[in-house]
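Here's the letter readout for the chains.
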Amino acid sequence: MTPEQYVAGLTDFGRGRSKLFGNSADEYLKVHDRGSSQADVTEDSGGIWERLHYNWSDPNRVVLATTDCNVWGGASGHTYNFTRQPNGATNIAVVAVREGKNLKGRLLGFVVGIIGGPVLEKAFENSVKAIEPEQHG
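Being a predicted model, the structure only gives us computed values, none of them experimental.

Let's talk about a nonpolar patch on the surface
Residues F110, V111, I114 and I115 make up a contiguous nonpolar surface patch of roughly 430 Å² in combined accessible area. By the element assignment, V111 lies in helix α3 (residues 103–131). Of the residues examined, V111 reaches a relative accessible area of 41% and is grouped as partly exposed.

Structure below.
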């Protein structure tokens, strides 16, 4: 898929988002503000809520900066970097930063650091499959 196709799925804050991103429960999703290349959104899943500033103004990168959260603070967030391939495919590199702002956040950060890699990788792969044009277009 193209970066634009992935960004379209990543920034689709409508009903059914939880089918693309399992950690974003539809019933708790709140869009505070949305522009042509940015959004302010609160997402929740399993008791962890996070308010994120989405910025997709750079066609090769999307940055989700945590602005408020019940467990994450500091420089927490996600960055998606896109590298276009000659065959039309896109490599997507994701960097997730999780800085615990309280005991629960520090413990979760420790657990994610130890065993979270495969779980996060699988969740990312599932989102890519769900967004692929054949599935979501």
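From this point, the discussion proceeds with the structure in view.
As for the nonpolar core
In this structure, Y6, L10, Y54, V62, L64 and Y80 are the most contacted members of the largest nonpolar core, which totals 19 residues. Mapped onto this core, the elements with two or more residues apiece are α1 (3–10), β2 (38–45), β3 (48–58), β4 (61–69), β5 (72–84) and α3. Not counting residues up to four positions away in its chain, the partners in contact with Y80 are Y6, L10, N60, R61, V62, L64, I92, A93, V94 and F124.

Looking at the side chain of D40
Within the secondary structure, D40 is located in strand β2. Here D40 falls in the buried class, since its relative accessible area comes to 18%. A distance of 2.4 Å separates a polar atom in the side chain of D40 from a polar atom in the side chain of R51. Apart from the residues within four sequence positions on either side, D40 is in contact with K30, V31, H32, D33, R51 and L52.

A look at the side chain of H78
Relative to the helices and strands, H78 resides in strand β5. Within polar-contact distance, the side chain of H78 engages the side chain of R98 at 3.5 Å. Dropping the residues within four chain positions of it, H78 is found in contact with V62, V63, L64, V95, A96 and R98.

Cut-offs applied
Residues numbered from 1 in each chain as written. Predicted model: local features only at pLDDT ≥ 70, side-chain atom pairs only at ≥ 80, totals over all residues. Heavy atoms only, no water. Patch = residues over 30% accessible without salt bridge, like charges linked within 9 Å, V, L, I, M, F, W, Y side chains within 5 Å. Areas by Shrake-Rupley, 256 points an atom, 1.4 Å probe, with all protein chains shown as cover. Salt bridge = Lys/Arg side-chain N within 4 Å of Asp/Glu carboxyl O. Helix = DSSP H or I, 4+ residues; strand = E, 2+ residues; numbered from the N terminus. Buried < 20%, exposed > 50% of the residue type's maximum accessible area, 1.4 Å probe, protein only. Core = buried A, V, L, I, M, F, W, Y, C linked by side-chain atoms within 4.5 Å. Contact = heavy atoms within 4.5 Å. Polar contact = N/O pair within 3.5 Å; in protein donor to acceptor, adjacent residues only side chain to side chain.

In short, the description is geometric, and any link to function would need to be established separately.
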